[in-house]
Amino acid sequence: MAHKILIVDDNAATRGELVKLLADAGFETMTATTVPEAMRALSTTPPSLLITEIRLDSYNGLHLIAMAPKPIPAIVITGFADRAVEADARRLGAEYLAKPVSPGELYAAVQRLLSKAAARGVFMPPRA
């Protein structure tokens, strides 16, 4: 069974590119455009991995990682590099990638997180 990846981005073009890239690599994808929509997806159809943009209306993607019903491997993508946000993302156990992200870089991060989660037998370490 393919891993399911939730992609959260309010930009339709970016969402579409990520869906195509990951589907072509054999992953099942689901999408959301807002934090409330993504929280519903995390609660009702938990994915194996979360990929989220930082800037999402009045929220940011870190809210999803921090508020997820259970810990989940995550990749945070942003077009606005920020060391403080990067530190917060890493503290939450997420990978942090600045745009433009190459397909190889994204795929490597996805594989790395899914492998770590499988090796631990759980999604993520407990939050600090």
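Just above, that's the structure.
What you see is a predicted model, and the numbers here were worked out from it, not measured in a lab.

The rules we used
Note that residues are indexed from 1 along each chain, following the sequence as it is written. In view of the model being predicted, local features appear only for residues whose pLDDT reaches at least 70, and side-chain atom pairs are presented and counted only at 80 or more, with totals across whole chains, interfaces and linings using the full set of residues. The basis for the side-chain values is all heavy atoms of the structure; hydrogens and waters are excluded. Only DSSP runs of H or I covering at least 4 residues are called helices, and only runs of E covering at least 2 are called strands; the numbering of each starts at the N terminus. Taken over C-alpha atoms, the radius of gyration is set against a globule rule of 2.2 Å times the number of residues to the power 0.38. Type-normalised accessible area, obtained with a 1.4 Å probe on protein chains alone, sets the label of each residue: buried when under 20%, exposed when over 50%, and partly exposed for intermediate values. Pairs of residues are marked as contacts when any of their non-hydrogen atoms sit within 4.5 Å. Only the protein chains shown count as cover for residues, and the accessible areas themselves come from Shrake-Rupley with a 1.4 Å probe. Should DSSP find at least two bridges between two strands, the strands are regarded as paired. Structural elements are reduced to axes, namely lines fitted to C-alpha atoms, with helices fitted over the stretch in contact, and the angle between N-to-C directions of any two is expressed from 0 to 180 degrees. Put simply, two rings from Phe, Tyr or Trp (the six-membered ring, in Trp's case) pair if the centres are within 6.5 Å, and we call them stacked under 30 degrees between planes, edge-to-face over 60, tilted for the rest. Ring-over charges, as used throughout, are those where CZ of Arg or NZ of Lys falls within 6 Å of the ring centre and within 35 degrees of the ring normal. Cavity: a set of points on a 1 Å grid over the protein atoms alone where a 1.4 Å probe fits but cannot get out. Pocket: an open set with protein on both sides within 12 Å along at least five of seven lines, its lining residues, like those of a cavity, having an atom within 4 Å of a point. Grid points are joined across faces, edges and corners, and a volume is the space filled by probe spheres set on the points. In this count, Pro and Cys sit with the nonpolar residues alongside Ala, Val, Leu, Ile, Met, Phe, Trp and Tyr, while Asp, Glu, Lys and Arg are called charged and the others, Gly among them, polar.

### Describing the overall build of the chain
Scanning the chain for helices and strands turns up 5 helices and 7 strands. Helices (α) and strands (β) of the chain occur, in sequence order from the N terminus, as β-α-β-α-β-β-β-α-β-α-β-α. Its C-alpha atoms give the chain a radius of gyration of 13 Å, near enough to 14 Å, the size a compact globule of 128 residues would have. Its C-alpha atoms put the chain at 35 × 35 × 30 Å along the principal axes. Classification of the 128 residues of the chain by burial places 41% in the buried group. Long-range contacts, defined here as pairs at least 24 residues apart, represent 63% of the contacts in the chain between residues at least 6 apart. A total accessible area of about 6,700 Å² is found for the chain, and carbon and sulfur atoms account for 55% of it.

### Focus on the sheet that holds strand β1 (residues 4-8)
With parallel pairing, 5 strands are arranged side by side in an open sheet as β2-β1-β3-β6-β7. Edge positions in the open sheet fall to β2 (28-32) and β7 (95-98), since each of these has one partner strand only. The sheet shows a mean angle of 20° between the axes of neighbouring strands, direction not considered. When strand β3 (residues 49-53) meets strand β6 (residues 74-78), the two strands line up parallel, connected through 4 bridges. Following the sheet pairing, T52 is matched in β6 by V76.

### So, the packing of aromatic side chains
As enumerated under the stated definition, the model contains 1 aromatic pair in all. Against the face of F80 rests R55, its NZ or CZ located 3.9 Å from the ring centre.

### Section: empty space enclosed by the protein
On inspection of all chains with the given rule, the structure shows 1 cavity of 30 Å³ or more. By volume, the largest cavity is sized at about 30 Å³. Every residue lining the largest cavity is listed: I7, V8, D9, T14, L18, I51, T52, E53, I77 and K99. Of all elements in the fold, only β1, α1 (12-24) and β3 reach the threshold of two or more residues within the lining of the largest cavity. It is β3 that contributes the most residues to the lining of the largest cavity, 3 residues altogether.

### Points about the layout of surface pockets
In this structure, the largest pocket occupies an estimated 220 Å³ of space. Lining the largest pocket, in full, are T14, E17, L18, L21, I77, K99, P100, V101, S102, P103 and L106. At the level of secondary structure, the elements contributing two or more residues to the lining of the largest pocket comprise α1 and α5 (103-120). Sorting elements by how many residues they give to the lining of the largest pocket places α1 first, with 4 residues. Classifying every residue of the lining of the largest pocket by side-chain character gives 7 nonpolar, 2 polar and 2 charged.

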